[in-house]
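Structural features, examined
Okay, here's what each chain looks like letter by letter:
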Amino acid sequence: MTSTSNGNLNPNPYPSTSTPPQATPPSPSPLPPLPVWDVTTEPGIHFKEFINKYDFSPLDLEACKINKVRDVWVEPSHDEFNLRQKNYSAEKKKSKSAPPGYKPVVAKAVGFKEPIMYVNERSECEQFFFFQQLTHNICSCRHCASKIKCIRDFIAKHPTTQFMVVVRQVPTKIITHMIVVYARVLPVGEDKAFDKLHDRFVNELSDDFRKTRFKYLPQLPAAPFIVKNSMRALGGYRPVLIGNGYLKCHYFKGANYFEVDIDISSSSVAKAISNTVVGRCDKVVIDEGFVIEGRDEDELPERLLGCHRFVYCDLKAQTTMVTEKDLTNNININNDNDNDNDSMMADT
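Summarised in this report is the structure supplied together with it.

Rules used in this analysis
Residues numbered from 1 in each chain as written. Predicted model: local features only at pLDDT ≥ 70, side-chain atom pairs only at ≥ 80, totals over all residues. Heavy atoms only, no water. Core = buried A, V, L, I, M, F, W, Y, C linked by side-chain atoms within 4.5 Å. Buried < 20%, exposed > 50% of the residue type's maximum accessible area, 1.4 Å probe, protein only. Helix = DSSP H or I, 4+ residues; strand = E, 2+ residues; numbered from the N terminus. 1 Å grid on protein atoms, 1.4 Å probe; cavity = no way out; pocket = protein on both sides within 12 Å on 5 of 7 lines; lining within 4 Å. Points joined across faces, edges and corners; volume = space filled by probe spheres on them. Polar contact = N/O pair within 3.5 Å; in protein donor to acceptor, adjacent residues only side chain to side chain. Contact = heavy atoms within 4.5 Å. Phe/Tyr/Trp six-rings, centres within 6.5 Å; stacked < 30°, edge-to-face > 60°.

**Thoughts on the nonpolar core**
Note on soluble globular proteins: their nonpolar side chains tend to be buried together. Core analysis: the biggest nonpolar cluster contains 41 residues, and Phe201, Phe214, Ile262, Phe290, Leu305 and Phe310 have the highest contact counts within it. Looking at this core element by element, the count peaks at four residues for helix H6 (residues 192-203). Membership of the second largest hydrophobic core comes to 22 residues, among which are Val105, Ile155, Phe163 and Ile179.

**Some points on empty space enclosed by the protein**
Applying the stated criterion across every chain yields a total of three cavities of 30 Å³ or more. The calculated volume of the largest cavity comes to roughly 60 Å³. Lining the largest cavity are Ala193, Phe194, Leu197, His198, Val291, Ile292, Glu299, Pro301, Glu302 and Arg303. Of all the elements in the fold, those that place two or more residues in the lining of the largest cavity are H6 and strand E16 (285-292). Among the elements that make up the lining of the largest cavity, the one with the highest residue count is H6 (four residues). By volume, the second largest cavity amounts to about 50 Å³. Along its surface, the second largest cavity is lined by 10 residues, and Phe201, Arg210, Tyr251, Phe252 and Phe258 are the ones closest to its centre. Sorting the residues of the lining of the second largest cavity by element identifies H6, strand E14 (248-253) and strand E15 (257-263) as the ones contributing at least two each.

**Some points on the side chain of arginine 303**
Following the sequence through the fold, arginine 303 ends up in the loop between E16 and strand E17 (306-311). The class of arginine 303 is buried, set by a relative accessible area of 14%. Within the structure, the side chain of arginine 303 is placed 2.7 Å from the backbone oxygen of proline 99, a separation counted as a polar contact. For arginine 303, the contacting residues outside a window of four places in its chain are Leu83, Ser97, Ala98, Pro99, Pro100, Gly101, Leu186, Asp191, Phe194 and Val291.

**What to know about the environment of lysine 68**
Along the chain, the position of lysine 68 falls in the loop between helix H1 (61-66) and strand E6 (72-74). The class for lysine 68 is exposed, based on a relative accessible area of 66%. Considering only alpha carbons, one finds lysine 68 and tyrosine 312, 244 residues apart in sequence, at a separation of 9.1 Å.

**Structural notes on the packing of aromatic side chains**
Scanning the entire structure with this criterion turns up seven aromatic pairs. Note on tyrosine 102 and phenylalanine 258: the rings are 6.1 Å apart at their centroids and 90° apart in plane angle, and the pair reads as edge-to-face. Taken as a pair, tyrosine 102 in strand E9 (residues 102-112) and phenylalanine 258 in strand E15 lie far apart in primary sequence, 156 residues in all. Each member of the pair, tyrosine 102 as well as phenylalanine 258, carries the same accessibility label: buried. Geometrically, the ring pair formed by phenylalanine 201 and tyrosine 251 is edge-to-face, given 6.0 Å between the ring centres and 90° between the ring planes. One end of the pair, phenylalanine 201, is in helix H6; the other, tyrosine 251, is in strand E14, and 50 residues separate them in sequence.

Here it is in structure tokens:
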């Protein structure tokens, strides 16, 4: 309250013609610069890379054929993906996605004699997730972001950036791991629906939510007829909750990342079709997007987690073979004061 000319307190400090000042909503949390992939070698190993050409977007596929562009990855336009909008439950309307929450920073193919991902007991892994929340330590189940040293070191080098790692385990004569690492570019607080779904997906103790919400969106801008036919046999280009009865998925969490491992061999149909696709992948341009499915009104509109495009990538030629000794050996749960390069990174 304010004083009047006669010394009395004015119960209304604002004149009738003025408007009380409005509270300013909090600004979204600023993000660090997008990390640049600069770790390309390991002792005794050269990790082959799919080239990133940001200037190829929008990508002229005809120009790629003429100029023999090969083994390239790029972030496609988010406009290509139609997602659920507000009032979807009533109107069933979809429209173009807003820019993704994560941008791809590197793509690699790593070959190993067996899946690098390994979980001994799922219930045991869930205990580690709970233990992690209590002690700020890391889930000890083996996975790519913890075992492939160049990726682990890259993530650890940028502790203030949140990463998403998507791994496709492709059964060939070996197990080929198609790995795409994304970095978060959407500030926390800018999209409340995205933040709500993202936080649940990363932090839920049970995998039930992740299995029923992680959606895969494929597109084939260019491919031989037999490959397109194989895609139709899998359901075409409609969005699919990939871990919900289609393919077995495992989910992992670190100090500043989460990883989704998709096991192609868990479905006999997908395995057979993957053999067709892998043998012709150097003739294929494929776009892939990922989204956490929104259902309730406060989870809409949906926004892409991330998306990437592979352009005529020869998977066999671009795969780096590794052996057990090439992978990091130790996963140290109690690593808060441990700076050993072979331990998992500490929480920050």
